[in-house]
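# Survey of secondary and tertiary structure
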Amino acid sequence: MTTIALTEADEQRRRGLVRMRTVATSLFVFAIVVFALTLHRDGALGYVNATAEAAMVGALADWFAVTALFRHPLGLPIPHTALVPRKKDVFARSLEDFVAGHFLTGEAARERFLGSGATVRFGRWLAVPANSERVVVHGARLTTRALDHVSDGEVRELVEHSVLPRLVREPIAPLAGTLLEQVVDDDVHRSLVDLVVVEAHDWLLDNPEKFASVVGERAPTWTPLWVNSIVVDRLHTEALKWVRDVRDDTRHRMRLAVDDLLRDLARNLQEDPSTMGRAEELKETFLLHPQTMDTAMSLWGILRRTLVESLDDPEGRLRTRIQTELVSLGERLQHDAELRARVDRRAGDVLAGLVDTYGAELVPVISQVIERWDGKEAADRIELHVGRDLQFIRINGTVVGGLAGLLIHTVSQLAL
């Protein structure tokens, strides 16, 4: 059993309970005094006596009812009294079922969240630059601390034993084919083609000697050098002109041929077993190569170092940008009804999912805590919360009982 310590709020409740209990008891005592003073009197005092008598009965009955909830009246072990100390475990389970069935449900949590206007209030708070800065500062500290606690050995073990084996097992050809098909349909590859063509044109323009050296190696040895020179120069001029045409004409046959080539490759990656097999072999060769792990670890080290340095710089571009975006998000949450509706819907779904998943595990806390309470202390604690209002039952019982007694006595007198 545990001893329940009283808080300041409990002390205030206790003082209020004592005051109302005093008022209710004083009315009962007043009814006793009036009854005694008007006993065996006729006339108007007879009506007063009947009123006081009924008020005493009403006050006593309601005192018994209220007291029986929390203890044995006058310390007598009367059956069906001291209900809270005896039935606290039953009450706890009933309360547990009530909370689980009506309050701790996903739909109730969603409705409560949607009705609270939490998204607007969060947006209003986030739009204040000082608050956004506080979020960035604490987020930077937590992220830096988390990165400091992740060792290179742990990352290597994760990549080597979990990530890479999973990537080796997963077929990449269909995914690559679908991605390539979408890239070609959206003309995303055009930028890469433009880059290659521009670089090729610039290289040919700036390196005629290298071009002549490469092509000259393939010239026949029996031809005169001046003939080879003329041929090489002509080839260089034509190659430069051809690359320039490809660069400047977005509908050039070479560009269209590249489009067709990429579309065929995308289709083969999804449908042709031979192409799919070669893609998988290439993937495995790349992933299982020792240099792949070393490269991955080098990239991880660069990423972590860069991120930590950026987060540690209060005036850095990363933290400044994050804060700016947070302030902008706060403004949008206040004024963009569509965004706010999406956030409310998704946050409500997440909250409802959490409550539906883990609510049943949280509800038993009620019975577990109450079962550890001492029966008398539990009754005293509950009485602190509801006892003051229950004293009004005693007061009302005294008043209503007195009025009922007056009415009965009046009717009996008229019937005589």
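You'll find the structure just up there.
Right, let's walk through the structure included here. Here the structure is a predicted model, which means the values were calculated and not measured.

Turning to the overall build of the chain, a few remarks are in order. On a plain count of helices and strands, the chain comes out with 18 helices and 0 strands. Its C-alpha atoms put the chain at 155 × 50 × 45 Å along the principal axes. When burial is assessed residue by residue, the chain has 28% of its 416 residues classed as buried. Taking the intrachain contacts of the chain between residues at least 6 apart in sequence as the baseline, contacts between residues at least 24 apart amount to 74%. Per element, the accessible surface of the chain, about 27600 Å² overall, is 62% carbon and sulfur. Positive and negative side-chain charges of the chain, numbering 50 and 60 respectively, have mean locations separated by a distance of 7 Å.

Turning our eyes to something else, we now look at the packing of aromatic side chains. For the structure on display, the rule yields 1 aromatic pair. On the basis of an interplanar angle of 25° and a centroid distance of 6.4 Å, the ring pair of F122 and W125 is categorised as stacked. With F122 and W125 both in helix 5 (residues 118-126) and 3 residues apart, this pair spans about one turn of that helix. We classify F122 as partly exposed; its relative accessible area is 42%.

Counted under the stated rule, the structure contains 20 salt bridges. Between D245 and K241 there is a salt bridge whose closest N-O contact spans 3.3 Å. Pair noted here: D245 and K241 are both in helix 11 (residues 225-248), with a separation of 4 residues, about one helical turn. In this structure K241 comes out as partly exposed when scored by relative accessible area, which is 45%. Residues R263 and D260 are paired through a salt bridge, measuring 3.9 Å at the closest nitrogen-oxygen approach. Placement of the pair is R263 and D260 together in helix 12 (residues 253-271), with a separation of 3 residues, close to one helical turn. Using a relative accessible area of 39% as the deciding quantity, one classes R263 as partly exposed. Exposure remark for D260: the relative accessible area of 45% places this residue in the partly exposed category. Among the charged side chains, a network of salt bridges with common partners joins R21, R71 and E383.

Moving on: unusual backbone geometry. We note that L74 has phi near 60°; this positive angle belongs to a residue other than glycine. Within the secondary structure layout, L74 lies in the loop between helix 2 (44-70) and helix 3 (83-102). L74 sits in the exposed class, given a relative accessible area of 70%. We note that D187 has phi near 60°; this positive angle belongs to a residue other than glycine.

Spanning 15 residues, helix 13 (residues 273-287) covers 21 Å between terminal C-alpha atoms, matching the ideal 21 Å at 1.5 Å per step. Among the residues of helix 13, T275, A279, E280, K283 and L287 are the ones counted as buried. Down the axis, helix 13 shows its buried residues gathered within 135° of arc, on one side only. Facing away from the buried side of helix 13 by more than 90 degrees, the exposed set consists of P273, E281, L282 and T285. Next to the buried residues of helix 13 lie helix 7 (152-169), helix 8 (173-185), helix 12 and helix 14 (290-312).

There is a patch of like negative charges on the surface, built from E133, D148, E309, D312, D313 and E315. Those elements that place two or more of their residues in the negative patch are helix 6 (129-148) and helix 14.

Here helix 1 (residues 8-37) crosses helix 18 (residues 375-415) at 20°, and the two axes come no closer than 8 Å. When the axes of helix 1 and helix 18 are compared, the pair comes out roughly parallel. For the element pair helix 1 and helix 18, the recorded crossing hand is left-handed. Judged by residue contacts, D10, R13, R14, G16, L17, M20, R21, V23, A24, T25 and L27 of helix 1 engage R381, E383, L384, H385, G387, R388, Q391, F392, R394, I395 and T398 from helix 18. Here the contact of helix 1 with helix 18 is built from residues that sort into 8 nonpolar, 6 polar and 8 charged.

Here is what the cut-offs are and how they apply
Residues numbered from 1 in each chain as written. Predicted model: local features only at pLDDT ≥ 70, side-chain atom pairs only at ≥ 80, totals over all residues. Heavy atoms only, no water. Helix = DSSP H or I, 4+ residues; strand = E, 2+ residues; numbered from the N terminus. Buried < 20%, exposed > 50% of the residue type's maximum accessible area, 1.4 Å probe, protein only. Contact = heavy atoms within 4.5 Å. Areas by Shrake-Rupley, 256 points an atom, 1.4 Å probe, with all protein chains shown as cover. Lys, Arg positive; Asp, Glu negative; His and termini not counted. Charge placed at Lys NZ, Arg CZ, Asp CG, Glu CD. Phe/Tyr/Trp six-rings, centres within 6.5 Å; stacked < 30°, edge-to-face > 60°. Salt bridge = Lys/Arg side-chain N within 4 Å of Asp/Glu carboxyl O. Expected span 1.5 Å × (residues − 1). Arc of directions from axis to C-beta. Patch = residues over 30% accessible without salt bridge, like charges linked within 9 Å, V, L, I, M, F, W, Y side chains within 5 Å. Axes fitted to C-alpha atoms, helices over the stretch in contact; angles between N-to-C directions. Parallel < 35°, antiparallel > 145°, perpendicular 65-115°, else oblique. Left-handed = near helix turned anticlockwise from the far one by under 90°. Nonpolar A, V, L, I, M, F, W, Y, C, P; charged D, E, K, R; others polar.

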